[in-house]
Amino acid sequence: MDNDHDGRLGAGLADQPWTSVVLEDRPCLMKASFSSRGYSLLLSDMAHFWSEEMNAEGVGKRLGELNRRLGAPVERVCEHLREAVGSLPRPGAAADRHDGAAGAAAAAFSWTRREPAEPEEKAGGTVAVVALQSRMSGVPLRWEFRLSPAEHPTVWDELVAPALGMLRMLSRESAELRACIRRKDAEIADYRDSGARVSRKHLETKPFDDGAFTTEFYSKNLVSCVDLSAEVVFDGGLQRLYGEVASTRRAARKRKPSTTPGKLGLASGRACTLQCLVGRALLARALVLLITQRARVRFPLTAPTSMTDNRTGPPHKSTRPSSWRGV
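Residues numbered from 1 in each chain as written. Predicted model: local features only at pLDDT ≥ 70, side-chain atom pairs only at ≥ 80, totals over all residues. Heavy atoms only, no water.

With respect to the overall build of the protein chain
Counting its secondary structure elements, the protein chain contains 7 helices and 7 strands. In sequence order, the protein chain lays out its α and β elements as β-β-β-β-α-α-α-β-β-β-α-α-α-α. Restricting to contacts in the protein chain with at least 6 residues of sequence separation, those with at least 24 account for 55%. About 22,100 Å² of surface is accessible on the protein chain, with carbon and sulfur atoms providing 56% of the total. (Helix = DSSP H or I, 4+ residues; strand = E, 2+ residues; numbered from the N terminus. Contact = heavy atoms within 4.5 Å. Areas by Shrake-Rupley, 256 points an atom, 1.4 Å probe, with all protein chains shown as cover.)

Here's what the structure looks like:
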(Lines give C-alpha, C1' and ligand atoms only; values in the text may rest on other atoms or scores of the structure.)
Protein backbone atom coordinates (compact mmCIF):
# COMPACT_ATOMS: atom_id res chain seq x y z
CA MET A 1 0.00 0.00 0.00
CA ASP A 2 2.64 2.41 -1.05
CA ASN A 3 2.21 6.05 -1.82
CA ASP A 4 2.05 7.06 -5.46
CA HIS A 5 4.57 9.86 -5.34
CA ASP A 6 4.06 11.18 -8.86
CA GLY A 7 0.53 12.29 -8.01
CA ARG A 8 -1.30 10.47 -10.78
CA LEU A 9 -4.61 9.19 -9.48
CA GLY A 10 -4.75 5.41 -9.61
CA ALA A 11 -1.51 5.19 -11.57
CA GLY A 12 0.16 3.12 -8.85
CA LEU A 13 -2.71 0.73 -8.03
CA ALA A 14 -1.68 -1.87 -10.58
CA ASP A 15 1.83 -1.87 -9.10
CA GLN A 16 0.60 -2.71 -5.60
CA PRO A 17 0.36 -6.33 -4.42
CA TRP A 18 -2.68 -7.72 -2.67
CA THR A 19 -2.40 -7.69 1.13
CA SER A 20 -4.24 -9.95 3.56
CA VAL A 21 -5.92 -7.86 6.27
CA VAL A 22 -8.54 -8.34 8.99
CA LEU A 23 -11.68 -6.23 9.19
CA GLU A 24 -13.78 -6.95 12.25
CA ASP A 25 -12.32 -10.45 12.63
CA ARG A 26 -12.98 -11.23 8.97
CA PRO A 27 -10.00 -11.87 6.67
CA CYS A 28 -10.03 -9.81 3.50
CA LEU A 29 -7.82 -9.00 0.56
CA MET A 30 -6.97 -5.37 -0.07
CA LYS A 31 -4.79 -3.34 -2.40
CA ALA A 32 -4.60 0.44 -2.35
CA SER A 33 -2.69 3.32 -3.85
CA PHE A 34 -2.63 6.80 -2.30
CA SER A 35 -1.28 9.99 -3.82
CA SER A 36 -1.43 13.69 -3.10
CA ARG A 37 -4.45 13.91 -5.40
CA GLY A 38 -6.61 11.03 -4.18
CA TYR A 39 -6.60 7.28 -3.87
CA SER A 40 -7.73 4.00 -5.42
CA LEU A 41 -8.74 1.03 -3.30
CA LEU A 42 -9.87 -2.55 -3.95
CA LEU A 43 -11.34 -4.81 -1.26
CA SER A 44 -12.55 -8.40 -1.26
CA ASP A 45 -14.06 -10.59 1.46
CA MET A 46 -13.31 -13.70 -0.63
CA ALA A 47 -16.87 -13.64 -1.97
CA HIS A 48 -17.33 -10.08 -3.29
CA PHE A 49 -15.14 -7.40 -4.79
CA TRP A 50 -15.55 -3.68 -4.16
CA SER A 51 -13.63 -0.65 -5.37
CA GLU A 52 -13.46 3.11 -4.89
CA GLU A 53 -11.48 5.80 -6.65
CA MET A 54 -11.41 9.36 -5.34
CA ASN A 55 -9.81 12.49 -6.74
CA ALA A 56 -8.78 15.58 -4.80
CA GLU A 57 -12.16 17.25 -5.19
CA GLY A 58 -14.00 14.17 -3.92
CA VAL A 59 -11.67 13.82 -0.93
CA GLY A 60 -12.19 17.45 0.05
CA LYS A 61 -15.95 17.19 -0.30
CA ARG A 62 -16.20 14.04 1.83
CA LEU A 63 -13.86 15.50 4.43
CA GLY A 64 -16.18 18.47 4.86
CA GLU A 65 -19.23 16.21 4.94
CA LEU A 66 -17.90 13.99 7.74
CA ASN A 67 -15.77 16.56 9.61
CA ARG A 68 -17.49 19.92 9.45
CA ARG A 69 -15.04 21.63 11.81
CA LEU A 70 -11.87 20.10 10.43
CA GLY A 71 -9.95 21.84 7.69
CA ALA A 72 -6.89 20.07 6.30
CA PRO A 73 -5.07 19.90 2.95
CA VAL A 74 -6.05 16.98 0.74
CA GLU A 75 -2.43 15.86 0.61
CA ARG A 76 -2.29 15.53 4.39
CA VAL A 77 -5.60 13.67 4.54
CA CYS A 78 -4.53 11.17 1.88
CA GLU A 79 -1.24 10.58 3.66
CA HIS A 80 -3.10 9.95 6.92
CA LEU A 81 -5.47 7.52 5.20
CA ARG A 82 -2.51 5.66 3.72
CA GLU A 83 -0.96 5.27 7.17
CA ALA A 84 -4.28 4.19 8.68
CA VAL A 85 -4.92 1.54 6.03
CA GLY A 86 -1.35 0.31 6.45
CA SER A 87 -2.03 -0.23 10.16
CA LEU A 88 -4.74 -2.84 9.54
CA PRO A 89 -3.91 -6.14 11.26
CA ARG A 90 -2.95 -9.24 9.31
CA PRO A 91 -4.55 -12.68 9.71
CA GLY A 92 -3.11 -14.56 12.65
CA ALA A 93 -1.87 -11.33 14.26
CA ALA A 94 -5.05 -9.36 14.92
CA ALA A 95 -3.56 -7.63 17.93
CA ASP A 96 -0.43 -6.61 16.09
CA ARG A 97 -0.40 -3.25 14.34
CA HIS A 98 2.18 -1.94 11.93
CA ASP A 99 4.32 0.93 13.01
CA GLY A 100 3.17 4.27 11.65
CA ALA A 101 2.24 7.75 12.65
CA ALA A 102 0.86 8.26 16.14
CA GLY A 103 -2.61 9.09 14.83
CA ALA A 104 -2.73 6.15 12.43
CA ALA A 105 -1.65 3.70 15.15
CA ALA A 106 -4.91 4.32 17.03
CA ALA A 107 -7.10 3.94 13.95
CA ALA A 108 -10.29 1.93 14.45
CA PHE A 109 -12.04 0.39 11.45
CA SER A 110 -15.55 -0.93 11.08
CA TRP A 111 -17.43 -1.97 8.02
CA THR A 112 -20.97 -2.57 6.91
CA ARG A 113 -22.53 -3.96 3.80
CA ARG A 114 -25.86 -2.68 2.54
CA GLU A 115 -28.05 -2.75 -0.51
CA PRO A 116 -27.55 0.29 -2.78
CA ALA A 117 -30.01 3.11 -2.27
CA GLU A 118 -29.96 4.43 -5.82
CA PRO A 119 -32.05 2.45 -8.34
CA GLU A 120 -29.32 2.57 -10.96
CA GLU A 121 -26.89 0.97 -8.49
CA LYS A 122 -29.12 -1.96 -7.52
CA ALA A 123 -28.00 -4.05 -10.46
CA GLY A 124 -24.44 -3.85 -9.21
CA GLY A 125 -25.00 -5.65 -5.91
CA THR A 126 -24.07 -4.96 -2.31
CA VAL A 127 -22.24 -1.76 -1.35
CA ALA A 128 -19.52 -1.86 1.34
CA VAL A 129 -18.74 1.04 3.66
CA VAL A 130 -15.50 0.89 5.65
CA ALA A 131 -15.61 3.50 8.42
CA LEU A 132 -12.48 4.88 10.04
CA GLN A 133 -12.18 6.60 13.42
CA SER A 134 -8.74 8.08 14.08
CA ARG A 135 -6.85 11.18 15.14
CA MET A 136 -4.84 13.30 12.74
CA SER A 137 -2.35 15.59 14.50
CA GLY A 138 -4.35 15.09 17.69
CA VAL A 139 -7.67 16.06 16.06
CA PRO A 140 -10.45 13.45 15.67
CA LEU A 141 -10.98 12.41 12.06
CA ARG A 142 -13.86 10.42 10.62
CA TRP A 143 -13.68 8.84 7.19
CA GLU A 144 -15.72 6.44 5.10
CA PHE A 145 -14.49 4.38 2.20
CA ARG A 146 -17.69 3.93 0.19
CA LEU A 147 -16.97 1.03 -2.10
CA SER A 148 -19.14 -0.07 -4.98
CA PRO A 149 -19.08 -3.52 -6.59
CA ALA A 150 -15.99 -3.76 -8.77
CA GLU A 151 -16.47 -4.21 -12.49
CA HIS A 152 -15.59 -7.60 -13.97
CA PRO A 153 -12.69 -6.26 -16.09
CA THR A 154 -11.16 -4.76 -12.95
CA VAL A 155 -11.35 -8.07 -11.09
CA TRP A 156 -9.85 -9.81 -14.12
CA ASP A 157 -7.01 -7.32 -14.52
CA GLU A 158 -6.14 -7.00 -10.84
CA LEU A 159 -6.58 -10.55 -9.55
CA VAL A 160 -7.73 -13.31 -11.90
CA ALA A 161 -5.29 -12.80 -14.79
CA PRO A 162 -2.22 -12.28 -12.54
CA ALA A 163 -3.26 -15.28 -10.41
CA LEU A 164 -3.45 -17.48 -13.52
CA GLY A 165 -0.04 -16.23 -14.57
CA MET A 166 1.32 -17.01 -11.10
CA LEU A 167 -0.19 -20.50 -11.31
CA ARG A 168 1.60 -21.15 -14.59
CA MET A 169 4.88 -19.82 -13.19
CA LEU A 170 4.65 -21.98 -10.06
CA SER A 171 3.73 -25.02 -12.13
CA ARG A 172 6.75 -24.56 -14.38
CA GLU A 173 8.96 -23.90 -11.37
CA SER A 174 7.75 -27.14 -9.78
CA ALA A 175 8.46 -29.08 -12.99
CA GLU A 176 11.98 -27.62 -13.18
CA LEU A 177 12.70 -28.48 -9.55
CA ARG A 178 11.47 -32.05 -9.99
CA ALA A 179 13.66 -32.45 -13.05
CA CYS A 180 16.61 -31.08 -11.07
CA ILE A 181 15.96 -33.58 -8.27
CA ARG A 182 15.88 -36.46 -10.75
CA ARG A 183 19.23 -35.35 -12.16
CA LYS A 184 20.63 -35.15 -8.63
CA ASP A 185 19.37 -38.68 -7.93
CA ALA A 186 21.13 -39.91 -11.06
CA GLU A 187 24.34 -38.19 -9.93
CA ILE A 188 24.09 -39.70 -6.43
CA ALA A 189 23.43 -43.15 -7.91
CA ASP A 190 26.57 -42.80 -9.99
CA TYR A 191 28.57 -41.92 -6.88
CA ARG A 192 27.18 -44.94 -5.04
CA ASP A 193 27.99 -47.22 -7.95
CA SER A 194 31.54 -45.94 -7.69
CA GLY A 195 31.70 -46.95 -4.04
CA ALA A 196 31.06 -43.55 -2.45
CA ARG A 197 29.17 -43.44 0.83
CA VAL A 198 27.79 -40.61 2.98
CA SER A 199 29.87 -39.75 6.02
CA ARG A 200 26.80 -39.36 8.24
CA LYS A 201 23.95 -41.83 8.07
CA HIS A 202 21.18 -39.28 8.72
CA LEU A 203 22.11 -37.43 5.50
CA GLU A 204 21.29 -40.43 3.33
CA THR A 205 18.12 -40.05 1.22
CA LYS A 206 16.03 -42.34 -0.92
CA PRO A 207 15.53 -41.72 -4.65
CA PHE A 208 12.79 -39.18 -5.31
CA ASP A 209 9.36 -40.71 -6.01
CA ASP A 210 7.29 -38.07 -7.81
CA GLY A 211 3.93 -39.81 -7.41
CA ALA A 212 4.39 -40.62 -3.73
CA PHE A 213 5.59 -37.09 -2.99
CA THR A 214 2.57 -35.52 -4.71
CA THR A 215 0.10 -37.79 -2.87
CA GLU A 216 1.67 -37.06 0.52
CA PHE A 217 1.93 -33.33 -0.15
CA TYR A 218 -1.74 -33.09 -1.12
CA SER A 219 -2.88 -35.04 1.92
CA LYS A 220 -0.94 -32.73 4.26
CA ASN A 221 -1.58 -29.34 2.68
CA LEU A 222 -4.66 -29.35 0.46
CA VAL A 223 -7.24 -28.64 3.17
CA SER A 224 -5.28 -25.79 4.73
CA CYS A 225 -4.49 -24.23 1.35
CA VAL A 226 -8.12 -24.05 0.21
CA ASP A 227 -9.24 -22.62 3.56
CA LEU A 228 -8.63 -18.93 2.91
CA SER A 229 -10.15 -17.85 6.21
CA ALA A 230 -7.10 -18.58 8.32
CA GLU A 231 -4.15 -18.01 6.00
CA VAL A 232 -2.26 -15.07 4.65
CA VAL A 233 -3.14 -15.53 0.98
CA PHE A 234 -0.35 -13.33 -0.37
CA ASP A 235 2.79 -13.73 1.71
CA GLY A 236 6.10 -12.07 0.91
CA GLY A 237 7.12 -14.56 -1.80
CA LEU A 238 3.74 -14.52 -3.53
CA GLN A 239 3.57 -10.72 -3.35
CA ARG A 240 6.88 -10.53 -5.20
CA LEU A 241 5.68 -13.05 -7.79
CA TYR A 242 2.41 -11.14 -8.20
CA GLY A 243 4.33 -7.94 -8.84
CA GLU A 244 6.57 -9.58 -11.44
CA VAL A 245 3.65 -11.22 -13.26
CA ALA A 246 1.48 -8.08 -13.18
CA SER A 247 4.26 -5.79 -14.46
CA THR A 248 5.23 -8.24 -17.21
CA ARG A 249 1.59 -8.57 -18.26
CA ARG A 250 1.16 -4.79 -18.45
CA ALA A 251 4.30 -4.47 -20.56
CA ALA A 252 3.01 -7.18 -22.92
CA ARG A 253 -0.39 -5.47 -23.22
CA LYS A 254 1.30 -2.23 -24.28
CA ARG A 255 2.77 -4.05 -27.26
CA LYS A 256 -0.51 -5.57 -28.44
CA PRO A 257 -4.28 -4.89 -28.20
CA SER A 258 -6.02 -5.55 -24.91
CA THR A 259 -7.36 -9.08 -24.36
CA THR A 260 -9.47 -8.24 -21.33
CA PRO A 261 -12.91 -9.90 -21.72
CA GLY A 262 -15.58 -7.38 -22.60
CA LYS A 263 -13.16 -4.47 -22.61
CA LEU A 264 -11.10 -3.08 -25.47
CA GLY A 265 -8.39 -0.51 -24.94
CA LEU A 266 -9.22 3.03 -26.05
CA ALA A 267 -6.32 3.30 -28.45
CA SER A 268 -7.00 -0.08 -30.05
CA GLY A 269 -10.72 0.76 -30.21
CA ARG A 270 -10.00 3.95 -32.12
CA ALA A 271 -7.64 2.09 -34.42
CA CYS A 272 -10.31 -0.53 -35.14
CA THR A 273 -12.87 2.20 -35.84
CA LEU A 274 -10.51 3.92 -38.26
CA GLN A 275 -9.70 0.65 -39.97
CA CYS A 276 -13.41 -0.15 -40.31
CA LEU A 277 -14.16 3.26 -41.83
CA VAL A 278 -11.27 3.00 -44.30
CA GLY A 279 -12.23 -0.55 -45.16
CA ARG A 280 -15.86 0.42 -45.76
CA ALA A 281 -14.79 3.33 -47.96
CA LEU A 282 -12.52 1.11 -50.04
CA LEU A 283 -15.23 -1.54 -50.31
CA ALA A 284 -17.81 1.02 -51.40
CA ARG A 285 -15.43 2.39 -54.04
CA ALA A 286 -14.67 -1.11 -55.28
CA LEU A 287 -18.40 -1.89 -55.57
CA VAL A 288 -19.04 1.31 -57.51
CA LEU A 289 -16.22 0.51 -59.93
CA LEU A 290 -17.46 -3.05 -60.30
CA ILE A 291 -21.04 -1.99 -60.96
CA THR A 292 -19.90 0.65 -63.44
CA GLN A 293 -17.70 -1.82 -65.28
CA ARG A 294 -20.51 -4.37 -65.49
CA ALA A 295 -22.91 -1.71 -66.73
CA ARG A 296 -20.49 -0.76 -69.45
CA VAL A 297 -20.22 -4.38 -70.51
CA ARG A 298 -23.99 -4.94 -70.56
CA PHE A 299 -24.93 -1.55 -72.01
CA PRO A 300 -22.01 -0.31 -74.12
CA LEU A 301 -22.03 3.34 -75.11
CA THR A 302 -22.31 2.47 -78.81
CA ALA A 303 -24.06 5.09 -80.92
CA PRO A 304 -27.09 3.78 -82.85
CA THR A 305 -26.61 3.24 -86.56
CA SER A 306 -29.56 5.50 -87.28
CA MET A 307 -32.01 7.59 -85.47
CA THR A 308 -35.35 9.04 -86.45
CA ASP A 309 -36.01 12.72 -86.05
CA ASN A 310 -39.34 14.04 -84.87
CA ARG A 311 -39.62 15.73 -88.18
CA THR A 312 -40.69 13.81 -91.24
CA GLY A 313 -37.92 12.80 -93.53
CA PRO A 314 -35.42 10.04 -94.13
CA PRO A 315 -33.36 8.72 -91.25
CA HIS A 316 -29.90 10.10 -90.87
CA LYS A 317 -26.70 8.73 -89.40
CA SER A 318 -25.37 9.66 -86.02
CA THR A 319 -22.77 12.37 -85.91
CA ARG A 320 -21.16 11.13 -82.66
CA PRO A 321 -17.47 10.39 -82.99
CA SER A 322 -16.40 6.79 -83.26
CA SER A 323 -14.49 7.12 -80.01
CA TRP A 324 -17.80 7.06 -78.20
CA ARG A 325 -18.30 3.44 -78.98
CA GLY A 326 -18.35 0.85 -76.20
CA VAL A 327 -15.37 0.33 -73.96
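A look at the environment of N55
One can find N55 in strand β4 (residues 49-55). Judged by relative accessible area, N55 falls into the partly exposed class, the value being 38%. Sequence spacing of N55 and G38 is 17 residues, and the spatial spacing of their C-alpha atoms is 4.4 Å. (Buried < 20%, exposed > 50% of the residue type's maximum accessible area, 1.4 Å probe, protein only.)

A few points about the pairing of strand β6 (residues 127-136)
Where burial is concerned, most of β6 is hidden: 7 out of the 10 residues are buried. Examined bridge by bridge, strand β5 (residues 108-114) and β6 share 7 bridges and lie antiparallel to one another. By the bridge assignment, A108 is partnered in β6 with Q133. When β6 meets strand β7 (residues 139-149), the two strands line up antiparallel, connected through 9 bridges. Note on β7: the bridge partner recorded for Q133 is R142. What sits between the antiparallel neighbours β6 and β7 is a turn of 2 residues, in which S137 has the positive phi angle 55 degrees. (Pairing = 2+ DSSP bridges.)

Re the sheet that holds β6
Strands pair in a sheet through their backbones, by hydrogen bonds, and they do so in one of two ways: parallel or antiparallel. Here we have 7 strands laid out as an open sheet, ordered β1-β2-β3-β4-β7-β6-β5, and antiparallel in their pairing. The strands lining the two open edges of the sheet, one partner per strand, are β1 (19-23) and β5. When the angles between neighbouring strand axes are averaged without regard to direction, this sheet yields 30 degrees. Sheet topology places β1 next to strand β2 (residues 26-35); 5 bridges connect them, and they run antiparallel. Bridge assignment links S20 to a residue of β2, and that residue is L29. (Axes fitted to C-alpha atoms, helices over the stretch in contact; angles between N-to-C directions.)

Topic: unusual backbone geometry
Non-glycine residue E24 carries a positive phi angle of around 50 degrees. The residue D25 is not glycine, and still its phi comes out positive at about 65 degrees. Tracing the backbone shows D25 in the loop between β1 and β2.

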